[in-house]
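Spelled out from the first residue to the last, the chains are:
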Amino acid sequence: MASRLTSGGKTISVAIITGSGGLIGSESVRFFAEQGFDVVGIENDMRASFFGPEASTAHVSAELERDLDSFRCEPLDIRDDEGIRRLFERHRRDVQLVVHTAAQPSHDWAASDPQTDFTVNANGTLNLLQAARDFAPDATFIFMSTNKVYGDRPNFLPLEEHETRLELPVDHDYYAGIPTSMSIDSCTHSLFGVSKAAADLMVQEYGRYFGMPTVCFRGGCLTGPQHAGAQLHGFLAYLMKCTVLGTPYTIFGYDGKQVRDNIHAHDVVRAFAAFHANPRVAAVYNLGGGRESNISMLEAIEACERITGNSLYWTLSDTPRIGDHRWWISDLDALNADYPAWEVTYGIEDVLQDIYSRNAETWSVARS
């Protein structure tokens, strides 16, 4: 798609980023602004409604607008179809990239208000896809999906119990990670998993049916120092915050041996950039820390205590979250094959140190 030239000869390339105040959204804003895009953020701070005022992203949006001349934030709700269409039509000649990270992100919260969860995650995605199709069909459409589209099927893997974690036998086909070929059928997803699966399939279908360059990145645990972690979402950031502040922490099920791979927001956005540089139609990838960056709950607690020098008071609930995974490590082979220059650059220790070093003082001052 040809971009427009200003009177000064500058090429205008617009990136529309939804959820621009969130973890991946804000990282995307900074990254693509540095790449020369004019960035339009869509952010209405629903996270504060989902998880309380302490999870608000308003300060992030204000900081981005203060720091970046090429960024502006539109306080739109992605469920507002007319508003979304007006925005895309306004920039139709210049949009080259859409990064869709806005979501209701918690499977626990989804059960409390299924209609809001579904309309945000599924209907909101449909609104964005159709607006892109009508006004910017050649723009790269990147969707931040989730590994929850696989439901609890990973829980039926033949896991072995070790001292601090559950683990697959080393000779199992999935030992290196779970691939996208895992079925999403005949399992419990949680209502959040269903709404994200609906959006995921719609993104794929717009790619196949209309020939649009779309991708679903099915994320594991996405994290980073700017993550506004809460009890129901963003476990590493929230766990570190609890350890710093002495806030009691609850582990839900599996004796604390459940395993997650964790990927730093910077590595997530680098994958976005790699795809945009060489987009495909209806692509799907699992995206996480893989074998390079994973940890169990018990191991994460030990690491947070070691990094902070504090002891965490934690309790164990025997009831796991519905649809939650006992073990998840992403198979990154497909992504590495298509984009060999991309790799995980933050290991789990790097991730935790980054969260701590960039937040500990601020958390402590806010607490006092």
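Going by the structure above, here's the rest.
Described below are features of the structure shown in this document.

About the criteria used
- Residues numbered from 1 in each chain as written.
- Predicted model: local features only at pLDDT ≥ 70, side-chain atom pairs only at ≥ 80, totals over all residues.
- Heavy atoms only, no water.
- Helix = DSSP H or I, 4+ residues; strand = E, 2+ residues; numbered from the N terminus.
- Buried < 20%, exposed > 50% of the residue type's maximum accessible area, 1.4 Å probe, protein only.
- Contact = heavy atoms within 4.5 Å.
- Areas by Shrake-Rupley, 256 points an atom, 1.4 Å probe, with all protein chains shown as cover.
- Lys, Arg positive; Asp, Glu negative; His and termini not counted.
- Charge placed at Lys NZ, Arg CZ, Asp CG, Glu CD.
- Salt bridge = Lys/Arg side-chain N within 4 Å of Asp/Glu carboxyl O.
- Pairing = 2+ DSSP bridges.
- Axes fitted to C-alpha atoms, helices over the stretch in contact; angles between N-to-C directions.
- Phe/Tyr/Trp six-rings, centres within 6.5 Å; stacked < 30°, edge-to-face > 60°.
- 1 Å grid on protein atoms, 1.4 Å probe; cavity = no way out; pocket = protein on both sides within 12 Å on 5 of 7 lines; lining within 4 Å.
- Points joined across faces, edges and corners; volume = space filled by probe spheres on them.
- Nonpolar A, V, L, I, M, F, W, Y, C, P; charged D, E, K, R; others polar.
- Core = buried A, V, L, I, M, F, W, Y, C linked by side-chain atoms within 4.5 Å.

1. Things to note about the overall build of the protein chain
Item 1. A tally of regular secondary structure across the protein chain gives 13 helices and 17 strands.
Item 2. Based on the C-alpha atoms only, the size of the protein chain along its principal axes is roughly 65 × 50 × 40 Å.
Item 3. The 368 residues of the protein chain split such that 58% are buried.
Item 4. By sequence separation, contacts in the protein chain at least 24 residues apart represent 82% of the contacts at least 6 residues apart.
Item 5. Here the protein chain has roughly 15300 Å² of accessible surface; of this, 48% comes from carbon and sulfur atoms.
Item 6. Of the charged side chains in the protein chain, 30 are positive and 49 negative; the average position of the first set lies 5 Å away from that of the second.

2. Quick notes on the pattern of salt bridges
Item 1. Under the definition given, this model contains 19 salt bridges.
Item 2. Close ionic contact of R79 with D77 constitutes a salt bridge, the shortest N to O distance being 2.7 Å.
Item 3. Given a relative accessible area of 33%, R79 falls into the partly exposed group.
Item 4. Within the structure, one salt-bridge network assembled from shared partners comprises R30, E63, R66 and D67.

3. Thoughts on the sheet that holds strand β6 (residues 95-100)
Item 1. Across the sheet, which stays open at both edges, the 7 strands sit in the order β5-β4-β3-β6-β7-β10-β14 with parallel pairing between neighbours. A single partner strand is all that each edge strand has here, and the edge strands are β5 (71-74) and β14 (283-287). On average, adjacent strands in this sheet sit at an angle of 15 degrees to one another, irrespective of strand direction.
Item 2. Note that strand β3 (residues 14-18) and strand β4 (residues 38-42) share 5 bridges and pair parallel. Counterpart to I17 in the pairing with β4 is G41.
Item 3. Across the sheet, helix α7 (residues 190-210) is in contact with β7 (140-146), β10 (214-219) and β14; its angle to β7 comes to roughly 155 degrees.
Item 4. Against the sheet, helix α9 (residues 265-277) contacts β6, β7, β10 and β14, and its axis sits at roughly 145 degrees relative to β7.

4. Looking at the packing of aromatic side chains
Item 1. Tallying each qualifying case throughout the model produces 13 aromatic pairs.
Item 2. Summarising the aromatic geometry, the rings of F217 and F275 are spaced 6.4 Å apart at their centres and angled 85 degrees between planes, so their arrangement reads as edge-to-face. Linking F217 in strand β10 with F275 in helix α9, this pair joins segments that are 58 residues apart in sequence. Both residues of the pair, F217 and F275, count as buried.

5. Things to note about the layout of surface pockets
Sizing a probe to match a water molecule and rolling it over the atoms shows the empty space that remains.
Item 1. There is about 830 Å³ of room inside the largest pocket.
Item 2. As for the largest pocket, its lining consists of 32 residues, and the residues nearest its centre are H59, V60, P225, Q226 and N359.
Item 3. Mapped by element, the contributors of at least two residues to the lining of the largest pocket are α1 (23-34), α3 (58-67), α8 (235-245) and α13 (360-367).
Item 4. Ranked by the residues each element gives to the lining of the largest pocket, the list is headed by α1, at 6 residues.
Item 5. Counted by class, the lining of the largest pocket contains 11 nonpolar, 13 polar and 8 charged residues.

6. With respect to the nonpolar core
Nonpolar side chains in soluble globular proteins tend to be buried together.
Item 1. Judged by nonpolar contacts, the single largest core of 37 residues is most densely connected at F32, F217, F272 and W342.
Item 2. Setting aside residues up to four positions removed in sequence, F272 forms contacts with I24, S28, F32, V99, I142, M144 and F217.
Item 3. Within the second largest apolar cluster, 34 residues are counted, among which are L87, A102, F135 and A199.

7. Some thoughts on the pairing of strand β12 (residues 249-252)
Item 1. Burial of the side chains of β12 is restricted to one face: Y249 and I251 are buried, whereas none of T250 and F252 on the reverse face is.
Item 2. Bridge count for β12 against strand β16 (residues 314-317) is 4 bridges, and the pairing is parallel. Counted as the bridge partner of Y249 is W314 from β16.

8. A short note on the environment of L312
Item 1. Positionally, L312 belongs in the loop between α10 (297-308) and β16.
Item 2. Since its relative accessible area comes to 8%, L312 is described here as buried.
Item 3. Residues L312 and I301, spaced 11 residues apart in sequence, show a C-alpha to C-alpha distance of 7.4 Å.
Item 4. If we ignore the near neighbours within four places in the chain, the residues touching L312 are L239, C242, T243, T247, Y249, I301 and E305.

9. Considering the side chain of H100
Item 1. Here H100 lies in strand β6.
Item 2. Sequence-distant contacts of H100, defined by excluding residues within four places in its chain, comprise T18, I78, T125, L128, F141, I142, F143 and M144.

10. Some points on the side chain of S20
Item 1. Following the sequence through the fold, S20 ends up in the loop between β3 and α1.
Item 2. Residues in contact with S20, not counting those within four places in the same chain, are G25, S26, V29, G41, I42, E43, L64, F71 and C73.

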